[in-house]
Amino acid sequence: MQQVTKWAFRNKTAMSLFIVIILLSGTVSYFRLPMEFLPEADNPQVTVITFGQGIDAESMTETVTEPIEQVVSSIAGKSSVLSTTGEGYSQITLNFDSKKDMKEAKEEVDSALTQVQLPEGVGKPMTSQLNTSMIPVGQVSVTFDDGLTKQNVELAKQEFTALFEGEEGLSQASLMGENASYISIDVDEQKLQENQIPLQSVMGVLQGQNLSMTAGSSTMDGEESTINVTDNLQSLEVLENLPLAAQSPEASSLRLKDVATVERVKQEDTIARVNGKEALAFVIFKESNASEVDAGNQVEATVEKINEDFKGAEATTLFTTGDMVKSSVNSMVREVGLGALFATLVILLFLRRTKPTLITAISIPLSLALTLFLLWLSGVTLNILTLGGVAVAVGRLVDDSIVVVENIFRRSQNKQLTKEIVLDATKEVSRAITSSTLITVAVFLPMGLVNGSLKAFLLPFGLTVSYSLLASLLVAIAVVPIMSQAMLKNTTLPPHHKPERYLRVLKWSLNHKFVPILTAVVVLIGSVALYITMPKAATSASDASLVQVETEFESDTPKETILDRLKDIESSLMDIEGSDYLITQYGSSEEEARFGSVSDPNKVIYTIIMKEDGDAEAYIEQVNELKKKEKDVQITAFVSSMFGGSANSSITYDIVGNDSKQLIETSNTLMNQIEEVDGVKKVSSNQDQTSPVYTVEVDAAKANTQQTAMQIRSFLEAQPIGMVEVDGQKLPVVLNAKKNPESFSELKELPIATAQGLVPLSEVATIVEEEKPSTILHKNGDLYVRISAEVDAEKLSVIARSIDEKIKGVDLPDGVDISVGGASQQQASDFQDLGLTMLASILIVFLIMVITFKTIRAPLAILITLPLASIGAVLGLLIARVPADPTALIGALMLIGIVVTNAIVLIDRVKQNEETMIIRDAIIEACGTRLRPVLMTAIATICAMLPLLFGHSEAGSLVSKSLAVVVIGGLAGATVLTLVIVPVFYELLHFKKSKRQRQEQVMVEHKIAN
């Protein structure tokens, strides 16, 4: 490193130009770096969704879910296969190991699905594999003064979609809330009976119609001609006048309109409403290389254009991620700026001179500029993780420069500052600052070497910190010495006074080693015990600007009732203060299925976007009061996130077996046990809902089973019977028999066509009534029930232990297994992974120090700072009343690299002194000399972390209050103890040599005195 400093002095002009270039490159890079909320990362999951309108859960399981489960079972790399099957839908989720290439996984799933033969009436399976790049950049609602008429829907589909997709940086605009039209043939049962016309005759009314085909060719008028045959079925009037097949030669001629009503209607499979008005919703996606901020601006500009150019239409931007990114960037920039200011004030406080303070402070913008330039070269985007890395590193950026400037400052007191003094002062500390910086980099950089999707999150963070630290080292050894010679040559510096009080304490401790060491051991054991008993919390992905309310009706609730209650509850939610937008969603669509989402037909979801000053917790309390008024519906409210998920405080227990009755009984027993545990807010099961199921056992001698099933289905469900083109648009034609039995007796009286004529269903079949789950759930092919316990996130580990004790006391039936998951399992996995990473980091740190000092004793003395840091970290968590979560462990990981810096600076001086002094004198001189830079670097780093301690942590960020508490507490405790314990421990490692040296010195002094 000395060569770098000498080169800089030989090329001062080039260095000046280098500084200007770096500042300009950093500024340009900041504006060129794409801004996004999160880096691109795959979700290790593939979802397969299949719709089958009108097919019950059991039939969907047998004909759709199980065949798909079988063909995907051979795909390698999956960790589990979960399926949920309900009436009309099947959802299968394949979870994969983090090492699996998810694009390859999706291709393998798509390939496997080609082997599945699905029954008639079931749609094509839709697969989805999500990653963070598929997060929408914005959502826009569109309402019309005259409602969602056909013309308005077409206007939105054609004109508005083209406007959004035509903007630079926007790739796709998906329209939600559109319900397609269809032709409904509503049969009058009484007229059918009067005319003795079976329902099958009406079902075949379109057979052979709506065709365009070639009949052949013929030579006409001497020319070869083609004869095409088509029809005029292009209006409702033509459809109404279609003739029905006569049942006998004597029967009168009848047309469709004589026994049925034909009309064009709009489906209500999905409903989207915004602030109580029927609405369409555009979900906007950006191009992969586009900046989220620019894409968000394009969305807002397009919304303004729609409102200006299309009267009667009102477009509203519900959210854009660009606004979130701008808010995050501004927040982090503010915290980085405050951190840099606090660090600079600390330097000024210690040195009491403006010029050396400015020299040190210049390392911050220079290091940040070089970091931004390196991030741009590496193709890393500016997101909350890279910004978090900058916020974490800003206090450490001045450490190297502080040590260099302070040493130059001290060496030049009472002397004329010369180039040689600057070079010698820099050389004296270059080994210490280089090794400490490389050690910190060695801690952070391996964070990006993990496998799978986690790498996408940790690598930008690790790279940012590593780049900034290496940049600060380069500035400290190349820029700071040159600026020091230029700015301090005519500056009078105050004398350096020895810290006599500290040295008295140190000498006493060196003479009574057992006292400080025993004290440190006792405090360490106490802090470890406190950590073990301390509640461990889960990280939260919640954003206080969003609340989600889910309403779940009984599975046998009629659709009409749900739609009526939907508006009543919506109105009540709108009356609660604090909300900006209320989005109501009901039903499932193919558009949502593309993103792996499917909703139960008895569930309504309300998404509330809060005002900037809105209180999300107060809103949830009001919703909880609303529960007491609403009957026959379960209402759940929770803080959510724009990026999916709620606060991660749910513990799940999967009960797996082959007997559904055993599973439900076991789940009920476990739920009763879990409800008794303190801290459990709510216990629910994915098998809470049951509905009556009627099994029709057909007598094969009296009727055909398949034909009977088709006839019953035609009575119960609207049946598609063909397609017609009306007003230039192809529409499905649906036959609605309007024979929906409202009681068991009416079901038995359904008329069934047999060889003997029309007879009641009860004459050809036996009907059995059973109560069965409304959804069928599989885990790796076996039946399972999942119990979810919502708990206090800050006491997750304590509550999880209490629940485990309760569950251990429950006797499980043979063939039934139980496994824990959710936040508890995720927490254990996170803590284990971070613990292994910390162990690896300690080994790397030790190796670098052994290489640096070429001995094993000095590194051992330096490593004693790590357990000392844990004391301060645990006490910090207790004092701040902040629970330990995975981000706190990331803070502990950071401490490994940060706290050893001061010990290295101290021990490096000791090793230099040992060349001319005995160990005891070397320690005392080094501690007196290095006290000021040690305190300056520690306090500067602590002050730089204060904005993170009192600031707002962004959703998805690794930087949180708990991380700041651990770093501040750990560094404060380690610094105080390092100044005493490390010197004592170092001399203890050289006890015999130090004792012999002191004895020899006493003998020499005695001889001289005599």
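Residues numbered from 1 in each chain as written. Predicted model: local features only at pLDDT ≥ 70, side-chain atom pairs only at ≥ 80, totals over all residues. Heavy atoms only, no water.

A.B. asks: Could you give me a rundown of the nonpolar core, with the residues and numbers involved?
C.D. replies: Of all hydrophobic cores here, the largest spans 121 residues; its most connected members are Met-849, Ile-862, Val-899, Ile-904 and Tyr-986. If we skip the residues at most four places from it in the chain, Tyr-986 touches Ala-858, Ala-861, Ile-907, Val-910, Lys-911, Glu-914, Ile-919 and Ile-923. Core analysis: the next-biggest nonpolar cluster, separate from the first, contains 32 residues, Ala-260, Val-726, Leu-731 and Ala-737 among them. (Core = buried A, V, L, I, M, F, W, Y, C linked by side-chain atoms within 4.5 Å. Buried < 20%, exposed > 50% of the residue type's maximum accessible area, 1.4 Å probe, protein only. Contact = heavy atoms within 4.5 Å.)

A.B. asks: Describe a positive patch on the surface, with residues and values.
C.D. replies: A cluster of basic residues, Lys-6, Arg-10, Lys-12, Lys-419, Lys-427 and Lys-489, forms a positive patch at the surface. Structurally, Lys-6 is set in helix H1 (residues 2-10). (Patch = residues over 30% accessible without salt bridge, like charges linked within 9 Å, V, L, I, M, F, W, Y side chains within 5 Å. Areas by Shrake-Rupley, 256 points an atom, 1.4 Å probe, with all protein chains shown as cover. Salt bridge = Lys/Arg side-chain N within 4 Å of Asp/Glu carboxyl O. Lys, Arg positive; Asp, Glu negative; His and termini not counted. Charge placed at Lys NZ, Arg CZ, Asp CG, Glu CD. Helix = DSSP H or I, 4+ residues; strand = E, 2+ residues; numbered from the N terminus.)

A.B. asks: So what's going on with the side chain of Arg-930? Residues and values would help.
C.D. replies: When you line up the elements, Arg-930 lands in helix H31 (residues 919-950). In terms of polar contacts, Arg-930 uses its side chain to reach the side chain of Asn-407, at 3.4 Å. (Polar contact = N/O pair within 3.5 Å; in protein donor to acceptor, adjacent residues only side chain to side chain.)

A.B. asks: Tell me what's going on with the packing of H31 against helix H32 (residues 961-989), and back it up with residues and numbers.
C.D. replies: Remark: H31 packs on H32, axes separated minimally by 10 Å, with the N-to-C direction vectors making an angle of 175 degrees. What the angle tells us is that H31 and H32 run roughly antiparallel. (Axes fitted to C-alpha atoms, helices over the stretch in contact; angles between N-to-C directions. Parallel < 35°, antiparallel > 145°, perpendicular 65-115°, else oblique.)

A.B. asks: Can you explain the pairing of strand E11 (residues 271-274)? Please cite residues and give values.
C.D. replies: Side-chain direction in a regular strand flips from residue to residue, so the side chains alternate between the two faces of the sheet. The alternating pattern of E11 places Ile-271 and Arg-273 on one face and Ala-272 and Val-274 on the opposite face, and all of these are buried. In terms of strand pairing, E11 meets strand E16 (residues 579-586) through four bridges, oriented antiparallel. Within E16, the position partnered with Ile-271 by the bridge is Tyr-586. Counted along the chain from E11 to the antiparallel partner strand E12 (residues 277-278), the turn is two residues long, and its residue Asn-275 has a positive phi close to 50 degrees. (Pairing = 2+ DSSP bridges.)

A.B. asks: Any chance you could break down the packing of helix H15 (residues 399-411) against H31 for me, citing the residues and the numbers?
C.D. replies: Packing of H15 against H31 brings their axes to within 10 Å, and their N-to-C directions diverge by 150 degrees. As far as their axial angle goes, H31 and H15 are roughly antiparallel. In the packing of H15 onto H31, the handedness of the crossing is right-handed. Seen from H15, the contacting residues are Asp-399, Ile-402, Val-403, Glu-406, Asn-407, Phe-409 and Arg-410; seen from H31, they are Thr-929, Arg-930, Arg-932, Pro-933, Met-936, Thr-937, Ala-940 and Thr-941. Of the residues belonging to the contact of H15 with H31, the class tally is six nonpolar, four polar and five charged. (Left-handed = near helix turned anticlockwise from the far one by under 90°. Nonpolar A, V, L, I, M, F, W, Y, C, P; charged D, E, K, R; others polar.)

A.B. asks: Talk me through the pattern of salt bridges; I want residue IDs and the actual numbers.
C.D. replies: Pairing is possible between side chains that carry opposite charge, provided their charged atoms lie close to one another. Applying the stated criterion across every chain, the model contains 16 salt bridges. Among the salt bridges present, the one from Arg-565 reaches Glu-630, with a minimum N-O distance of 3.0 Å. Of this pair, Arg-565 sits in helix H20 (residues 559-574) while Glu-630 is found in the loop between helix H22 (616-627) and strand E18 (633-639), placing the two residues 65 residues apart along the sequence. As far as the burial class goes, Arg-565 and Glu-630 line up, both buried.

A.B. asks: Explain the sheet that holds E16 residue by residue, including any values.
C.D. replies: What the six strands build is an open sheet, ordered E12-E11-E16-E17-E15-E18; its pairing is antiparallel. Both outer strands of the open sheet, E12 and E18, are each paired with one neighbouring strand and no more. Where E16 lies against strand E17 (residues 603-610), seven bridges are found, and the strand directions are antiparallel. Bridge pairing in E17 links Gln-585 to Ile-605. Taken strand by strand, H20 contacts E11, strand E15 (546-553), E16, E17 and E18, and its axis lies near 170 degrees from that of E16. Against the sheet, H22 touches E15, E16, E17 and E18, its axis set at about 175 degrees to E18.

A.B. asks: Break down the packing of aromatic side chains for me, with residues and values.
C.D. replies: All told, the structure shown has five aromatic pairs when counted by the stated rule. Between the aromatic rings of Phe-160 and Phe-310, the centroid separation amounts to 4.9 Å while the plane-to-plane angle is 75 degrees, which identifies the pairing as edge-to-face. Placement of the pair is Phe-160 in helix H5 (residues 150-165) and Phe-310 in the loop between helix H10 (292-309) and strand E14 (313-320), with a sequence separation of 150 residues. The burial state of Phe-160 is the same as that of Phe-310; both residues are buried. Relative to Trp-376, the ring of Phe-373 lies with its centre 6.3 Å away and its plane at 35 degrees, an arrangement referred to as tilted. Taken together, the residues span about one helical turn, with Phe-373 and Trp-376 both in helix H13 (residues 363-378) at a distance of three residues. Within the aromatic cluster, the residues linked to one another by ring pairs are Phe-144, Phe-160 and Phe-310. (Phe/Tyr/Trp six-rings, centres within 6.5 Å; stacked < 30°, edge-to-face > 60°.)

A.B. asks: Describe the confidence of the model for the protein chain, with residues and values.
C.D. replies: When the pLDDT values of the protein chain are averaged, the result is 79; 84% of them are 70 or greater. Note that pLDDT drops below 50 for residues 537-543; the model gives that stretch 30 contacts with residues more than four away or on any other chain. (pLDDT = per-residue confidence, 0-100.)

A.B. asks: Tell me about the environment of Leu-351, residues and numbers included.
C.D. replies: Of note, Leu-351 is situated in helix H11 (residues 321-351). Sequence separation between Leu-351 and Glu-406 is 55 residues; the distance between their C-alpha atoms is 8.0 Å.

A.B. asks: Please set out unusual backbone geometry residue by residue, giving values where relevant.
C.D. replies: The residue Asn-275 is not glycine, and still its phi comes out positive at about 50 degrees. Judged by its relative accessible area of 30%, Asn-275 falls in the partly exposed class.

A.B. asks: Which residues make up the sheet that holds strand E13 (residues 280-286), and what values do they have?
C.D. replies: Judged by pairing direction, the sheet is antiparallel, and its four strands sit side by side in the order E6-E13-E5-E14 without closing on themselves. Strand pairing shows two members of the sheet lacking a second neighbour, strand E6 (170-176) and E14, which therefore form its edges. On average, adjacent strands in this sheet sit at an angle of 25 degrees to one another, irrespective of strand direction. The sheet contact formed by strand E5 (residues 138-144) and E13 spans five bridges and is antiparallel. Pairing of Val-142 across the sheet is with Leu-280, part of E13. Its contacts with the sheet put H10 on E5, E6, E13 and E14, and the angle it makes with E14 is roughly 165 degrees.

A.B. asks: Can you explain the UniProt feature "coiled-coil region" (unreviewed entry) in the protein chain? Please cite residues and give values.
C.D. replies: The UniProt record marks residues 609-636 with the feature "coiled-coil region" (unreviewed entry), using the residue numbering of this structure. Secondary structure content for residues 609-636 is 43% helix and 21% strand, while the C-alpha to C-alpha distance between its ends is 16 Å. (UniProt positions renumbered as here; feature names shortened; annotations may be inferred.)

A.B. asks: Could you give me a rundown of H5, with the residues and numbers involved?
C.D. replies: When the terminal C-alpha atoms of H5 are compared, their 22 Å separation across 16 residues agrees well with the 22 Å that a helix rising 1.5 Å per residue should span. The largest bend in H5 comes to about 30 degrees, at Ala-156. For H5, every residue scored as buried is listed here: Asn-152, Val-153, Ala-156, Phe-160, Thr-161 and Phe-164. (Expected span 1.5 Å × (residues − 1). Bend = angle between axes of the 7 residues up to and from the residue.)

A.B. asks: Go over the environment of Ile-421 with me, naming the residues and quoting the values.
C.D. replies: Here Ile-421 is to be found in helix H16 (residues 419-444). For the pair Ile-421 and Asn-407, spaced 14 residues apart in sequence, the C-alpha to C-alpha distance is 9.8 Å.

A.B. asks: Hey, could you go over the environment of Ile-864 for me, with residue numbers and the actual values?
C.D. replies: Checked against the element boundaries, Ile-864 lands in the loop between helix H28 (857-863) and helix H29 (865-880). Sequence separation between Ile-864 and Tyr-986 is 122 residues; the distance between their C-alpha atoms is 9.5 Å. When sequence neighbours within four positions are dropped, the list of residues in contact with Ile-864 reads Ile-981, Val-982 and Phe-985.

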